[in-house]
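Given next are the chains, with one letter for each unit.
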Amino acid sequence: MKRSILFCVCAVAISVTIISCSSSKKVTASGAATLKEAYKKDFMIGAALNSQQIEEKDSNAAKLVPEQFGVATPENIMKAEIIHPQWGTYNFDLADKMIAYGEKHNILINGHTLVWHSQLPAYARNIKDVDSFKTFFNDHITTIASRYNGKIYSWDVVNEALNEDGTMRRSVFLDKLGDDFVTEAFRIAQKAAPNTELYYNDYNIEQPKKRAGAIAIIKKIQAAGVRIDGVGIQGHWHLNKVPLKEIEESIQEFSALGIKVMFTELDIEVLPRNFQGADVSQRVASNPELNPYVSGLPDSVQQQLANDYESLFRLFLKYKDKVTRVTFWGVADGNSWLNGWPVRGRTNYPLLFDRQYKPKPAYYKVIALKTNAASGESAKKPF
Ligand code: G3I
C-alpha cells in the first residue's frame, strides 16, 4: 500500500515537472537535448532549408536550425532551373551560400538534386538531339558535383525516376538516354565527386511495387560496378495512415543491398487529400472544405500527429543500425511546401515546429522516446 502511494506521488511529481517544463517553453520536456543531440548516437536529423533560411534572413530559423539539426538539404536552390538556368550558365550564388552556412554552423549538406525531371529549365527539356542531350547531362552533373566535391556530404544524384508501379517514369532523361540514365548519372557523379556519398531518392518507394522498382535500379547500378551509397525514402505521409509495415519492410530490403537507408523529406499531411505521394504535377482546385484548420489545429488532430511521429521514430530507432538520417521537409509549419500543394493557399501543420517556430506536442513525443529509452521504458512498448 505504502509503495503504491509512493509510486503515485512520484508519478504526479514527474508529471508536474514535465508540464511545468513544457509550459515554461523549454525546448524539451525533461531537460533532454535538442533533436540532433538526443539522436546523435542513432542517426542524423536534418531539415530542408529555403533560401531565406540559407541566407539567415529568417531570424527564427537562424536560431533554431543550428540548435536542432545536424544536416540540411537545400529545398530548391540546387535544382537545375536555379543552378543551371541557361545552357552553360551556372548560378552558384545560393548554393555557395548553403555551403558557407553549413561550414559556419557545422551542419552537413545533402545536395538536392542532380537529375530530376521537374524544375528542369525549358532549354534542357527541349533539347532534340540525343548527343546534345548527353552533353548537357554530362556537363550538368560534372560541373556541379565536382565544384562541391569534398564540400558537401552527399548528393541525391537521381530523384523520382519511378512510376507508382515500379516502371521507369517517362521523362526527357528516359526518352533521350534510355533506362540506363540512372546508372550513367551515378557513374558521372562518382567520377566528379569521389568524396561525396551518392543516393537514389524517391517518394512512395516504401510501397511494394515501387520499392521493387527502386531495388531493381539499385541492383543495376551495383551490377555495373558503379557506387551507390544509399537510398532516400522521401516520407511524405498522411495523418493516421503512416505505412509502418511497408516502411519496416523497406528498411530491411534496402539495407540488405548493402546501402544506407534514409528518410529524406519527412512530413505528415494533416489536411484532406485523396492520393498519396509528392508528384508536383498533381494539382487540386481550392475549396474551403479542403482547408479546415485555418484558425488552428484541433487537439485531437494535434495528438494524432504526435502519435504518428512517435510511432515512426520508434520504428526508426528499432533500425538505428540501418537508418543513417532523418530529414524533415521544412523547418516549421509556416514554410512547408504542403501549404501550397496540391491545393494552393492552405494552412497545413505537417512538421514538429509550429508557425512561431515553437515545438509542438509531436516534438516532445519524439524527444521523449529518447528520454524514456534512457530510463529503460521504451523496452516495454511493443512496436
Ligand atoms: O522561385 C519562384 C518565385 O520566383 C516565384 O515568384 C514563385 C511564384 O509561384 O515561385 C517560386 O518558385 C517556387 C519554388 O518552389 C520556390 O519557392 C515554385 O513555384 C514551386 O513550384 C516550388 O515548389 C517546390 C517543389 O519541390 C517544386 O517541384 C517546393 O518548394 C519544394 O518543397 C518541392 O520539393 C520536392 C523535392 O524537391 C522532391 N520531392 C518532392 C518535394 C515536394 O514536392
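Located above this text is the structure these notes cover.
First, a word on scope: everything that follows refers to the structure included in this document. A quick note: this is a predicted structure, and the numbers were derived from the prediction, not measured.

Conventions used here
- As a convention, each chain's residues are numbered from 1 in the sequence order in which they are written.
- Since the coordinates come from a predicted model, pLDDT governs what is reported: local features require at least 70, and pairs of side-chain atoms require 80 or more to be given and counted, while whole-chain, interface and lining totals use all residues.
- Here the side-chain values reflect all heavy atoms present in the structure, with hydrogen atoms and water set aside.
- Any residue with a heavy atom positioned within 4 Å of a molecule or strand is treated as near that molecule or strand.
- Under this definition, polar contacts are N or O atom pairs within 3.5 Å; protein pairs additionally need one hydrogen-donor-capable and one acceptor-capable atom, and for neighbouring residues in sequence, both atoms have to be side-chain atoms.
- The protein chains shown are the only cover counted for residues, whose accessible areas, like all others here, come from Shrake-Rupley with a 1.4 Å probe.
- Throughout, the protein atoms alone are placed on a 1 Å grid, and a set of points is a cavity if a 1.4 Å probe fits but cannot get out or a pocket if it is open with protein on both sides within 12 Å along at least five of seven lines; lining residues have an atom within 4 Å of a point.
- A cavity or pocket is said to hold a molecule if more than half of that molecule's atoms lie within 2 Å of its grid points.
- Helix and strand definitions follow DSSP, with helices as H or I runs of at least four residues and strands as E runs of at least two, each counted in order from the N terminus.
- A helix is expected to span 1.5 Å for every residue after the first.
- Throughout, exposure labels follow a simple rule: accessible area from a 1.4 Å probe, protein chains only, divided by the maximum for the residue type, with under 20% read as buried, over 50% as exposed, and the rest as partly exposed.
- What makes two residues a contact is simply this: any of their non-hydrogen atoms within 4.5 Å.
- By convention in these notes, a salt bridge is any Lys or Arg side-chain nitrogen within 4 Å of a carboxyl oxygen on Asp or Glu.

1. Structural notes on the site of the ligand
Inference 1: In the vicinity of the ligand there are 16 residues, among which Glu75, Lys79, His112, Glu160 and Glu265 approach most closely.
Inference 2: Within the side chain of glutamine 234, a nitrogen or oxygen atom sits 3.1 Å from a nitrogen atom of the ligand.
Inference 3: Notes on the ligand: free accessible area 790 Å², of which the protein chains cover 53%.
Inference 4: Among the cavities detected, the one that contains the ligand is the second largest pocket.

2. Observations concerning helix H12 (residues 244-255)
Inference 1: Compared with the 16 Å implied by 1.5 Å per residue over twelve residues, the 16 Å span of H12 between its first and last C-alpha is a close match.
Inference 2: Restricting attention to buried positions, one finds in H12 the residues Glu246, Ile247, Glu248, Ser250, Ile251, Phe254 and Ser255.
Inference 3: Looking at the buried positions of H12, the neighbouring elements they touch are helix H11 (208-223), strand E6 (230-233), strand E7 (236-238), strand E8 (260-269), helix H13 (299-318) and strand E9 (323-328).

3. As for the environment of isoleucine 188
Inference 1: Mapping isoleucine 188 onto the fold places it in helix H10 (residues 181-192).
Inference 2: For the pair formed by isoleucine 188 and histidine 140, sequence separation is 48 residues and the distance between their alpha carbons is 9.9 Å.
Inference 3: Ignoring sequence-local partners within four residues, the contact set of isoleucine 188 consists of Phe137, Asn138, Ile141 and Thr142.

4. Focus: the pattern of salt bridges
Inference 1: With the rule as written, the count across this model stands at 27 salt bridges.
Inference 2: Among the ionic pairs, aspartate 180 bridges to lysine 220, the shortest N-O distance being 2.9 Å. Here the residue aspartate 180 occupies a position in the loop between helix H9 (172-177) and H10, and lysine 220 occupies one in helix H11, the gap between them amounting to 40 residues.
Inference 3: For lysine 210, the salt bridge is made with aspartate 202, and the minimal N-O distance between the two is 3.5 Å. Aspartate 202 shares its class with lysine 210; the two are buried.
Inference 4: Connected through salt bridges with shared partners, the residues Glu55, Lys57, Asp93 and Lys97 form a single ionic network.

5. Overview of unusual backbone geometry
Inference 1: Omega for the bond connecting histidine 112 with threonine 113 falls within 30 degrees of zero, at 0°, which places this linkage in the cis form.
Inference 2: By the secondary structure assignment, threonine 113 is in strand E3 (residues 108-115).
Inference 3: Note that the residue after tryptophan 341, namely proline 342, is joined by a cis bond; omega there is -5°.
Inference 4: Here proline 342 lies in the loop between E9 and helix H14 (361-374).
Inference 5: In this structure, glutamine 119 is a non-glycine residue whose phi angle is positive, near 50°.
Inference 6: With respect to the element layout, glutamine 119 can be found in the loop between E3 and helix H7 (122-125).
Inference 7: Residue classification places glutamine 119 among the partly exposed positions, given a relative accessible area of 21%.
Inference 8: Its identity as a non-glycine residue notwithstanding, asparagine 204 has a phi of 60°, on the positive side.
Inference 9: When you line up the elements, asparagine 204 lands in the loop between strand E5 (197-202) and H11.

Structural measurements only, silent on function.
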